[in-house]
Amino acid sequence: SQAAWCVLPSRVLLVLTSQKGIQMYESDGSIMVYWHALDVTEHPPAQAVFARGIAAAGGRFICVGTSSGPVLVFDIPHKGTNVTVSEVLEEHRDAITDIAAELGQAPDGAGDVVTADDAGTLCIWSSGEEFTLLNKIPAFGCTCSSVKLWNGVVAAGYGNGQIRLYEAATGVLRAEVSAHARWIYALDLAPLTGKLLSGAEDSFVHVWKLSRNLDTDDIEIEHCHAECVTDTQICGARFCDPEGCSFAVTGYDLSEIFRYSQV
């Protein structure tokens, strides 16, 4: 259901999630480093079981969400296959939809990991030997489908097409944009520039610019660019470089990936 490269200081792992479990490979896919099976017996018979939401955190951890709500924290060795589950974060009551780690320089006390769930609840954590819950942003009746964390700013995309920006240190809502007409399926952030990419079921991809006003400390969002991928429900969108000069997009039932570059 999901794949992500997790970049740690000592190694890069390719992490795959599915209905059966979590697989970790060396970055070229040649060797399976670790396999974690999901416990189907703990779930009601009619409930789907899956893992979703992947993020490297704290220099040595990989966090993966599950359909029942807990977030598994894997302690990754510098080399070898001795991966262990060091902690289970049990703050969510609904299926995890996305997990993000800090992509920039977090202000003091802002936390470095954010988790989102199907109900729309966000949890902000500080990673370490034990993860500490710093803030819990309550749901408001809409799924949070994608989330990013940059310079202490939480950018969250929702099923109603909104993008909301929260202060990671306090959980306070700082900006709200009706970005799309339909469900947002993908957010990505270019860490060097603060550009934010959003893709949704309405066939549109938007590029935004996040910044912090140095005089007022307000978080600001500016619209930079829009592309329409005709007759395509967009389900994936990513920047291709850390500056956000190009991005790639795909949609449901598409075998192609479209790449757009700034000229």
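As a reminder, the structure under discussion sits directly above these lines.
No experiment lies behind these values; they were computed from the predicted model shown. (Residues numbered from 1 in each chain as written. Predicted model: local features only at pLDDT ≥ 70, side-chain atom pairs only at ≥ 80, totals over all residues. Heavy atoms only, no water.)

(A) Fine view of the side chain of Lys-195. Inspection of the secondary structure assignment puts Lys-195 in strand β18 (residues 195–200). For the buried Lys-195, which has no salt bridge, the nearest side chain bearing the opposite charge is Asp-241, at an N-O separation of 7.2 Å. For Lys-195, the contacting residues outside a window of four places in its chain are Asp-188, Leu-189, Ala-190, Val-207, Trp-208, Lys-209, Phe-239, Glu-243, Gly-244 and Gln-262. (Helix = DSSP H or I, 4+ residues; strand = E, 2+ residues; numbered from the N terminus. Buried < 20%, exposed > 50% of the residue type's maximum accessible area, 1.4 Å probe, protein only. Lys, Arg positive; Asp, Glu negative; His and termini not counted. Salt bridge = Lys/Arg side-chain N within 4 Å of Asp/Glu carboxyl O. Contact = heavy atoms within 4.5 Å.)

(B) Structural detail: the packing of aromatic side chains. If you walk through the whole model with that rule in mind, you get six aromatic pairs. A centroid spacing of 5.6 Å and a plane angle of 75 degrees characterise the contact between Phe-61 and Phe-131, whose relative ring orientation is edge-to-face. Remark: Phe-131 occurs in the loop between β11 (122–126) and β12 (132–137) and Phe-61 occurs in strand β6 (residues 61–66); sequence separation between them is 70 residues. This pair shows no difference in class: Phe-61 is buried, exactly as Phe-131 is. Members of the aromatic cluster, connected to one another through ring pairs, are Trp-183, Tyr-185 and Tyr-252. Across from the ring centre of Phe-140, 3.6 Å away, lies the NZ or CZ of Arg-164, which sits over that ring. Over the aromatic face of Tyr-158 sits the side chain of Arg-164, whose NZ or CZ is 6.0 Å from the ring centroid. (Phe/Tyr/Trp six-rings, centres within 6.5 Å; stacked < 30°, edge-to-face > 60°. Lys NZ or Arg CZ within 6 Å of the ring centre and 35° of its normal.)

(C) Representation of the sheet that holds β12 within the structure. In spatial order, the strands read β9-β10-β11-β12; together these four strands make up an open sheet with antiparallel pairing. The open sheet has two free edges, formed respectively by β9 (96–101) and β12, since each of these has just one partner strand. Across the sheet, the mean angle separating the axes of adjacent strands is 20 degrees when strand polarity is ignored. (Pairing = 2+ DSSP bridges. Axes fitted to C-alpha atoms, helices over the stretch in contact; angles between N-to-C directions.)

(D) Fine view of the layout of surface pockets. Taken as a whole, the largest pocket spans an internal volume of roughly 1500 Å³. Taken together, 44 residues make up the lining of the largest pocket; nearest its centre are Gln-2, Ala-4, Ile-54, Lys-148 and Arg-238. For the lining of the largest pocket, the secondary-structure elements that each account for two or more residues are β1 (2–7), β5 (51–57), β9, β13 (144–150), β17 (184–190) and β21 (234–239). Counted by class, the lining of the largest pocket contains 27 nonpolar, nine polar and eight charged residues. (1 Å grid on protein atoms, 1.4 Å probe; cavity = no way out; pocket = protein on both sides within 12 Å on 5 of 7 lines; lining within 4 Å. Points joined across faces, edges and corners; volume = space filled by probe spheres on them. Nonpolar A, V, L, I, M, F, W, Y, C, P; charged D, E, K, R; others polar.)

(E) How the structure looks around the pairing of β13. β13 sits mainly inside the fold: seven of its seven residues count as buried. Where β13 lies against strand β14 (residues 153–158), six bridges are found, and the strand directions are antiparallel. The residue of β14 that forms the bridge with Ser-146 is Gly-157.

(F) Main features of the pattern of salt bridges. Within the structure shown, the criterion is met by twelve salt bridges. Across the salt bridge formed by Arg-52 and Asp-118, the nearest N and O atoms sit 4.0 Å from each other. You can see Arg-52 sitting in strand β5 and its partner Asp-118 sitting in the loop between β10 (113–117) and β11, a full 66 residues away along the chain. The exposure class assigned to Arg-52 is partly exposed, which follows from its relative accessible area of 25%.

(G) Main features of the sheet that holds strand β4 (residues 32–37). Taken in spatial order, the four strands line up as β1-β2-β3-β4 in an open sheet, and their pairing is antiparallel. Looking at strand neighbours, the two that pair on one side only are β1 and β4, the edges of this open sheet. Strand after strand, the sheet turns through a mean of 15 degrees between neighbouring axes, direction not considered. Across five bridges, strand β2 (residues 12–17) lies against strand β3 (residues 21–26) in antiparallel orientation. Residue pairing across strands places Thr-17 opposite Ile-22, the latter belonging to β3.

Bear in mind that shape data such as this cannot, by itself, settle questions of function.
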